[in-house]
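One letter stands for each residue in the lines below.
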Amino acid sequence: MPNSVLWAVDLFGRVSTLSTAGQYWELCRDTQLEFKRVSAATQCCWGIACDNQVYVYVCASDVPIRRREEAYENQRWNPVGGFCEKLLLSDRWLWSDVSGLQHRPLDGVALPSPHWEWESDWYVDENFGGEPTEKGGWTYAIDFPATYTRDKKWNSCVRRRKWIRYRRYKSRDTWAKIPSKDDPKQLPDPFNDLSVGGWEITEEPVGRLSVWAVSLQGKVWYREDVSHSNPEGSSWSLVDTPGEVVQISCGPHDLLWATLWEGQALVREGINRNSPKGSSWSIVEPPGPENGIMHVSAGVGVVWAVTKDRKVWFRRGVNSHNPCGTSWIEMVGEMMMVNVGLNDQVWGISCEDRAMYFRQGVTPSELSGKTWKAIVAARECDRSHSGSSSSLLSAGCFFGDEVRGSGESAPSDTDASSEVERLGPGQPLPAESLDDCGNPKGSSALGPGASRSAEGAMENTCPAEGNRETDPNKHPRPAPTLAELPWTNIDLKEPKKVPSHSATGLPETTGLSSLGLLPLGLEEPYGVDDHPLWAWVSGGGCAVEACTMPKWFTVPSGLAPSVQTLSLSITPAQTATWRKQIFQQLTERTKRELENFRHYEQAVEQSVWVKTGALQWWSDWKPHKWVDVRVALEQFTGHDGVRDSILFIYYVIHEEKKYIHVFLNEVTALVPVLNEAKHSFALYTPERTRQRWPVRLAAATEQDMNDWLALLSLSCCESRKVLGRPSPQAIWSVTCKGDIFVSEPSPELEAHEHLPCDQMFWRQVGGHLRVVEANSRGVVWGLGYDHTAWVYTGGYGGGCFQGLASSTSNIYTQSDVKCVYIYENQRWNPVTGYTSRGLPTDRYMWSDATGLQECTKAGMKPPSLQWTWVSDWFVDFSIPGGTDQEGWQYASDFPASYHGYKTMKDFVRRRCWARKCKLVTSGPWLEVAPIALRDVSIIPESPGAHGRRPSIALWAVSDKGDVLCRLGVSELSPAGSSWLHVGTDQPFTSVSIGACYQVWAVARDGSAFYRGSVSPSQPAGDCWYHIPSPPRQRLKQVSVGQTSVYALDENGNLWYRQGITPSYPQGSSWEHVSNNVCRVSVGPLDQIWVIADKVQGSHGLSRGTVCHRTGVQPHEPKGQGWDYGIGGGWDHISVRANASRAPRGTSREQEPRAPPEAHRPVHC
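Rules used throughout
Residues numbered from 1 in each chain as written. Predicted model: local features only at pLDDT ≥ 70, side-chain atom pairs only at ≥ 80, totals over all residues. Heavy atoms only, no water. UniProt positions renumbered as here; feature names shortened; annotations may be inferred. Helix = DSSP H or I, 4+ residues; strand = E, 2+ residues; numbered from the N terminus. Buried < 20%, exposed > 50% of the residue type's maximum accessible area, 1.4 Å probe, protein only. Contact = heavy atoms within 4.5 Å. Areas by Shrake-Rupley, 256 points an atom, 1.4 Å probe, with all protein chains shown as cover. Salt bridge = Lys/Arg side-chain N within 4 Å of Asp/Glu carboxyl O. Core = buried A, V, L, I, M, F, W, Y, C linked by side-chain atoms within 4.5 Å. Polar contact = N/O pair within 3.5 Å; in protein donor to acceptor, adjacent residues only side chain to side chain. Pairing = 2+ DSSP bridges. Axes fitted to C-alpha atoms, helices over the stretch in contact; angles between N-to-C directions. pLDDT = per-residue confidence, 0-100. Expected span 1.5 Å × (residues − 1). Phe/Tyr/Trp six-rings, centres within 6.5 Å; stacked < 30°, edge-to-face > 60°. Lys NZ or Arg CZ within 6 Å of the ring centre and 35° of its normal. Lys, Arg positive; Asp, Glu negative; His and termini not counted.

In the nomenclature of an unreviewed UniProt entry, the chain corresponds to Tectonin beta-propeller repeat-containing protein 1 from the organism Carlito syrichta. Its UniProt record gives the chain a comment under Sequence similarities (unreviewed entry), which states: "Belongs to the TECPR1 family." Turning to the chain, the UniProt annotation filed under Subunit (unreviewed entry) states: "Interacts with ATG5; the interaction is direct. Interacts with WIPI2. Interacts with the ATG5-ATG12 conjugate, the interaction is however mutually exclusive with ATG16, since it does not interact with ATG12-ATG5-ATG16 complex."

Next comes the structure, spelled out in structure tokens:
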């Protein structure tokens, strides 16, 4: 590993390094680990993995890391036997440390972690003060402690000798997990940020490091005793802060900056050799009151920051004597984060394309630099693609009948590299090259008729000399429209001969893309599929001198020279435009060629057996069991071009062959049913939905199940002509397994004679979530089981849906973590106290929460084969009712009300154990960092709303109970820009915003609150109004529609808020609507959908059923009854995007005539 490397983490958690002497990113070893952040020093790198554990990567070198362990053997002289091991009671230990205060036997000295190994056994040190001792290595003194000598005297009553053993650090060039030997009660919370620095503190011992970390709770921790000889350090110590910290940065010297949750910056003062942790904090205000600081990076004598609006700022006047600096200077560009490395060089990650940029021109005299320059180094794995890129260049657009000789080569790598370094992406052309912009002789690839278009194009694309600084997010040129593209026909024709001209003198920005010639099939070396999307960068171990720049800013030499000249000028938007044009032209040509044959009859009506295989079927008859069956999917196409499919299931009963069949155009849902025993899935039809008895099939392997699911799902979508991404009005739902489903609503769904919701077609979308909330403007957010927030990217598929069943873009890796819980139960015994031996009628001593199923630590498995354990069992202290210091809850008997303290009447107790498991999948979701959320709500679009639409209001509740408002959410930016904290008196659990900006929330104590004066101009409102909860009930969820407010309590009761008017939006009282409800969602039409706990069917009982409230009218807002839909394992539903009404002209005669104002939308 080179000493000077740049470290970076991409969006998939993979860590890569880029050497200052190389041009390729190299993946680190231990690629199975996924990291969030890294912080590098010269010889090592610290990182936080996705399991929130801290790791250190120590680079290998010729000099090993060795640590000497010492122990002293002490003896006293006895008049009878001489020196012996019998000491006085007041003496030190027989085996001790050098001070004699700590007991240190040889067999008690253990390795500090598995990353060390012993070099040899213990041996006696026979040197004393640089001179050899007598045999045995003993040194003598009058008493303990005293001055020891190597010579024995007449008054030498005690003696000692030193034993030595060396240990060697073996985990080099690999990620080593930092062990924790701290007190379990004092262990720090999981970390979310980490920074390494302080190796150049004045008079600091060589090799010493300062490692700072920030926990999820906003606390700052310092790693003690980290040095070259002890790369792991010893323990974590807490450093008090005046507020909650979200990010921290430590410079190579004595600069330490951190960012607070409120947006201010903290500066640590008093850091020196004697006090590496510093003495006090100072607060630095952000550049502006509107946008606080979200990221900060400290160097030797500079500090850079990024505010919540992604603006980049430079802190003026920072030095060791004034670590707070004097003022802020705004820099050009918008970045996700910046990092200051050695020599105060700066790297950044753009917020638009996640590309990495380097700050050019940073010198000791000009610390802010001059401009941003993109790093175009390829990944090591991309070397094999260079040949295909050059062949694609020649085959995709440059057709000619000339043979280029060896002397007619394209520009050399050196020439192209020098041009790229001199100009850089987005830089203005020099004046002397402007004359070449309209020159049609610039390249032999110019076809006939291209000269005039090239001249006109270059008049618009050749920039004049402008500002010294260039915005990295604005350098790609907008893609031309179809009318501007030079091709009108893709039929291949023989090109005319054009004299070949040398292109050596052509500047980098005068490639074909700049001339208006966009070659077909040519992509960037980091195209849409290959371009690394970076999430974090660390330059703490990268030494870049201002006079010698690395080769990061040129295209790797494996590409053809013409590709090097063109690649930096071509954007992914242009590539997408070319593909769209080619597809349209091919479609038109196919129509022209087939037009003459439309009157011919079809020769053969084809019926194709698409797939056959062996599965297992859960039989319909009693006793229900798994039966081996043969399955065949027959797919056919009718005269009208409509494709339909039938699934046949062949089975044998009483030696008689039978079969059942399912028309796939009648299938309403395909649901994976995962458990530790079977790879099974269920098929629902309207009839089987009413029976609560789907067709359940199981495959032998997970791959077989995924293949069947993808094929059947694609066939169902083709039969119903439902393909592509979901519409903005779609209804979203989530199963208890975390699978995401979406349904396209029919206008008749909310009509008076409504469409039965058991006929709704649900299709699966890739990913894994716990909650999904949507808006009719296409903004969709989701929350995972680990409270991570995700935003919908616009794709479809992912996971097991590949190929035609999935989009090729906007699909990303997604992970989720959740806990599995078991309970340890004990009963009081008058003799032995609490014991694991209960009464014969008691529950299992290790069970689930109900006590009905036995669950042991050894026998408990992850929820399904897709999950893997990522932690050991640990006691959960956060269960309702509270616990004592050991995690026990007490009660009078099983089952009863548990509490966290022991009384005289408590004869049983239980303790909750948890273990984390992780799932990794893919889907159209991108993570929204860094705050974990418990609940989220997006404002529904008001029906009939016209005119200018403001930004979309989005409210959320963090996992700590804080209420947040997301700013900058729109169709083009669904993730928004920053969080705005809304003050509360207590933690909240649920929040919902209505179509007229009515914000309701539920606190942790079960009471409701209404937020007043919320509007587009005042997105956070002004104050909370307490709303009493229903009598003797604790609310847990609230949902607000156009005018209706519904709440759900902990006992499953659904409540409607009466008396809500524009003049009194808090309402007057709660009215009970229904029970047996798990989740409620109120849409923009005040439609009510719930997840019911138990619904009885003709064949079985289903838990978690989608239900629709019928008869909801303006004069009957509570509705009249329930319509039962898909069911069995559903956990969440959101109808807040469905604002589609049935057309007025299609209303039935039976529908009662309502007043005209009853049909009009309610305008806020």
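Each helix and strand in the chain was counted, giving 8 helices and 71 strands. Per-residue burial over the chain gives 51% buried out of 1164 residues. Long-range pairs, those at least 24 residues apart, make up 59% of the contacts in the chain between residues at least 6 apart in sequence. Working note: accessible area of the chain is about 54500 Å², and carbon and sulfur atoms make up 50% of it.

Applying the stated rule across the entire model yields 28 salt bridges. Of the charged contacts, one joins Glu119 and Arg66 as a salt bridge, the two residues approaching to 3.0 Å between their closest N and O atoms. In this pair, Glu119 sits in the loop between strand S10 (116–118) and strand S11 (123–124) while Arg66 sits in strand S7 (residues 66–78), placing the two residues 53 residues apart along the sequence. For Glu119, a relative accessible area of 29% puts it in the partly exposed group. The exposure class of Arg66 is partly exposed, given its relative accessible area of 38%. What emerges from the salt-bridge pattern is a single network uniting Arg68, Glu70, Asp125 and Lys162.

Bringing the nonpolar core into the picture now. Soluble, globular proteins show a tendency: their nonpolar side chains are buried together. Residues Trp781, Leu933, Trp955, Trp979, Phe988 and Trp1024 are the most contacted members of the largest nonpolar core, which totals 36 residues. Sorting the residues of this core by element identifies strand S45 (780–783), strand S46 (789–792), strand S55 (933–938), strand S56 (954–958), strand S57 (963–967), strand S58 (978–982), strand S59 (988–993) and strand S60 (999–1003) as the ones contributing at least two each. Residue contributions to this core peak at 4 residues, all from S56. Apart from the residues within four sequence positions on either side, Trp979 is in contact with Lys308, Trp781, Ile931, Leu933, Leu954, Ala956, Leu964, Cys965 and Arg966. Among the nonpolar cores identified, the runner-up in size contains 34 residues, and Val38, Cys59, Trp175 and Trp536 belong to it.

A separate point is the environment of Arg1136. With respect to the secondary-structure elements, Arg1136 resides in the loop between strand S71 (1130–1134) and helix H8 (1156–1159). Considering only alpha carbons, one finds Arg1136 and Trp732, 404 residues apart in sequence, at a separation of 9.0 Å. Of the polar contacts made by the side chain of Arg1136, one reaches the backbone oxygen of Ile938; its length is 3.2 Å. Within polar-contact distance, the side chain of Arg1136 engages the backbone oxygen of Val1040 at 2.6 Å.

Pairing in this open sheet of 7 strands is antiparallel, and the strands run S25-S26-S27-S28-S29-S30-S31 from one edge to the other. Looking at the sheet topology across the chains shown, the edges are occupied by strand S25 (293–298) and strand S31 (371–374). For this sheet the average axis-to-axis angle between neighbouring strands, irrespective of direction, equals 40 degrees. Here strand S27 (residues 311–316) runs beside strand S28 (residues 327–340); their pairing, made up of 6 bridges, is antiparallel. Bridging from a neighbouring strand, Trp313 pairs with Glu330 of S28.

Of note, Pro950 is situated in the loop between S55 and S56. Residues in contact with Pro950, not counting those within four places in the same chain, are Arg777, Tyr997 and Pro1016.

Averaged over every residue, the pLDDT of the chain is 79; the share at 70 or more is 79%. Across residues 384–470, where pLDDT falls below 50, the model places 132 contacts with residues more than four positions away in sequence or in other chains. Within the model, the stretch residues 1145–1164 combines pLDDT values under 50 with 21 contacts to residues more than four positions away or in other chains.

Let us look at the pairing of S56. Across the 5 residues of S56, 5 count as buried, placing the element largely inside the fold. Two elements, S56 and S57, share 4 bridges in a ladder whose sense is antiparallel. Note on S57: the bridge partner recorded for Ala956 is Leu964. Linking two consecutive strands that pair antiparallel, namely S56 and S57, is a turn of 4 residues; a positive phi of about 100 degrees is found at Gly961 within it.

Turning next to the side chain of Arg777. With respect to the secondary-structure elements, Arg777 resides in the loop between strand S44 (771–774) and S45. Among the polar contacts listed, one links the side chain of Arg777 to the side chain of Glu971, at a separation of 2.9 Å.

Pairing is antiparallel in the open sheet, where 4 strands are placed in the order S4-S5-S6-S16. A strand with exactly one partner marks an edge of an open sheet, and here the two such strands are strand S4 (35–40) and strand S16 (175–177). Strand-to-strand twist in this sheet, taken as the mean axis angle between neighbours without regard to direction, amounts to 30 degrees. Pairing analysis gives 5 bridges linking strand S5 (residues 44–49) to strand S6 (residues 54–58), with the strands arranged antiparallel. Paired with Gly47 across the strands is Tyr55, a residue of S6.

The subject of this paragraph is the UniProt feature "domain: Peroxin/Ferlin" (unreviewed entry) in the chain. According to UniProt, the feature "domain: Peroxin/Ferlin" (unreviewed entry) maps to residues 64–125, 137–170, 815–876 and 887–920 in the numbering used here. Span residues 137–170 is 0% helix and 44% strand, its end C-alpha atoms 30 Å apart. The span residues 887–920 is 0% helix and 50% strand, and its two end C-alpha atoms sit 31 Å from each other.

Between its first and last C-alpha atoms helix H7 (residues 702–720) spans 27 Å; for 19 residues at 1.5 Å apiece the expected length is 27 Å, and the two agree. Of all 19 residues in H7, 14 are buried; the element is thus mostly enclosed. One or two positions beyond H7, positive phi appears at Lys721, with a value near 55 degrees.

Turning our attention to the packing of aromatic side chains. Within the structure shown, the criterion is met by 40 aromatic pairs. When the centroid spacing of 6.0 Å and the interplanar angle of 70 degrees are considered together, the rings of Trp304 and Trp372 count as edge-to-face. Taken as a pair, Trp304 in strand S26 (residues 303–307) and Trp372 in strand S31 lie far apart in primary sequence, 68 residues in all. Across the pair, Trp372 and Trp304 agree in class, each one buried. One aromatic cluster is present, built from ring pairs that chain together Trp7, Phe35, Tyr55, Tyr57 and Trp175. The ring of Trp828 is capped by Lys902, whose NZ or CZ atom sits 5.3 Å from the centre of that ring. In this structure, Arg1109 is placed above the aromatic ring of Trp1122, and the distance from its NZ or CZ to the ring centre is 4.7 Å.

What follows deals with unusual backbone geometry. Cis geometry is adopted by the peptide bond preceding Pro623, which originates at Lys622 and carries an omega value of -5 degrees. As for its placement among the helices and strands, Pro623 is situated in the loop between strand S34 (607–618) and strand S35 (626–637). Phi is positive for Asn52, which is not a glycine, with a value near 65 degrees. Residue classification places Asn52 among the buried residues on the basis of a relative accessible area of 16%. A positive phi angle, near 60 degrees, is found at Asp173, a position not held by glycine. Checked against the element boundaries, Asp173 lands in the loop between strand S15 (158–169) and S16. Judged by its relative accessible area of 11%, Asp173 falls in the buried class.

Moving on: the pairing of strand S40 (residues 695–699). Across the 5 residues that make up S40, a large majority, 4, are buried. Where strand S39 (residues 679–684) and S40 come together, 5 bridges link them in antiparallel fashion. If you follow Ala682 over to S40, its bridge partner there is Arg696.

We now examine the environment of Tyr844. Locating Tyr844 in the fold gives a position in the loop between strand S48 (833–835) and strand S49 (846–847). Along the sequence, Tyr844 and Asn825 sit 19 residues apart, while their C-alpha atoms lie 7.3 Å from each other. When neighbours within four sequence positions are excluded, Tyr844 is seen to be in contact with Asn825, Gly851, Leu852, Gln853 and Glu854.

Turning next to the side chain of Arg966. Residue position: Arg966 is located in strand S57. Of the side chains with opposite charge, Glu927 comes closest to the buried, unpaired Arg966, at an N-O distance of 11 Å. Separated by 2.8 Å, the side chain of Arg966 and the backbone oxygen of Ala975 make a polar contact. Discounting chain neighbours no more than four positions away, the residues touching Arg966 are Trp781, Val928, Leu954, Ala975, Gly976, Ser977, Ser978 and Trp979.

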